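As a plain string of letters, each chain reads:
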Amino acid sequence: MFFKKSNRVQNTIDTLIGVGTRVEGNIHFAGGLRVDGTVIGTVSEPNDQPSTLILSELGRIEGAITASKVVVNGTVIGPVKAAQFIELQTKARVTGDVYYNTLEMHTGAVIEGKLVYLDDNAE
């Protein structure tokens, strides 16, 4: 497949929430965030800094997610809003609505909610 350069996920991970770690509260991040543990609360980026969230197969987020680029291979309970790109990998389980501009969904990914397209003019 051919993707625009902006749809590529950044390779740099600035913050890691490791396996066995549980964070309760809202997380505001910039750059790259990888979640292998559990987050109970919202996960969001500042509006002026496009960032990437990667949720591994072992990761779990219970709360709303807002980021420019999102890769999910774990469990999300809550809405997911990806302003530029979202990839739902094979073991992704999302219970909530998914808001996207560009979507890549692998065989096996499950969404229990609506898929809502965000056009380029959406906030």
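Look above for the structure.
Residues numbered from 1 in each chain as written. Predicted model: local features only at pLDDT ≥ 70, side-chain atom pairs only at ≥ 80, totals over all residues. Heavy atoms only, no water.

(A) View of the pattern of salt bridges. Scanning the entire structure with this criterion turns up 4 salt bridges. The salt bridge involving Arg22 is made with Glu24; its shortest N-O contact spans 2.7 Å. One exposure class covers both Arg22 and Glu24, and it is exposed. (Salt bridge = Lys/Arg side-chain N within 4 Å of Asp/Glu carboxyl O. Buried < 20%, exposed > 50% of the residue type's maximum accessible area, 1.4 Å probe, protein only.)

(B) Local environment of the pairing of strand S4 (residues 32–35). Relative to S4, strand S1 (residues 15–17) runs parallel, the two being bridged by 3 bridges. Residue Ile17 lies in a different strand from S4, and its bridge partner there is Val35. (Pairing = 2+ DSSP bridges. Helix = DSSP H or I, 4+ residues; strand = E, 2+ residues; numbered from the N terminus.)

(C) Here's a closer look at the nonpolar core. Leu53 and Val70 are the most contacted members of the largest nonpolar core, which has 25 residues in total. Mapped by element, the contributors of at least two residues to this core are S4, strand S7 (52–55), strand S9 (65–72), strand S11 (80–88) and strand S13 (98–100). The residues contacting Leu53, other than those within four sequence positions of it, are Phe29, Leu33, Val35, Val43, Ile61, Ile65, Ala67, Lys69, Val70 and Val71. (Core = buried A, V, L, I, M, F, W, Y, C linked by side-chain atoms within 4.5 Å. Contact = heavy atoms within 4.5 Å.)

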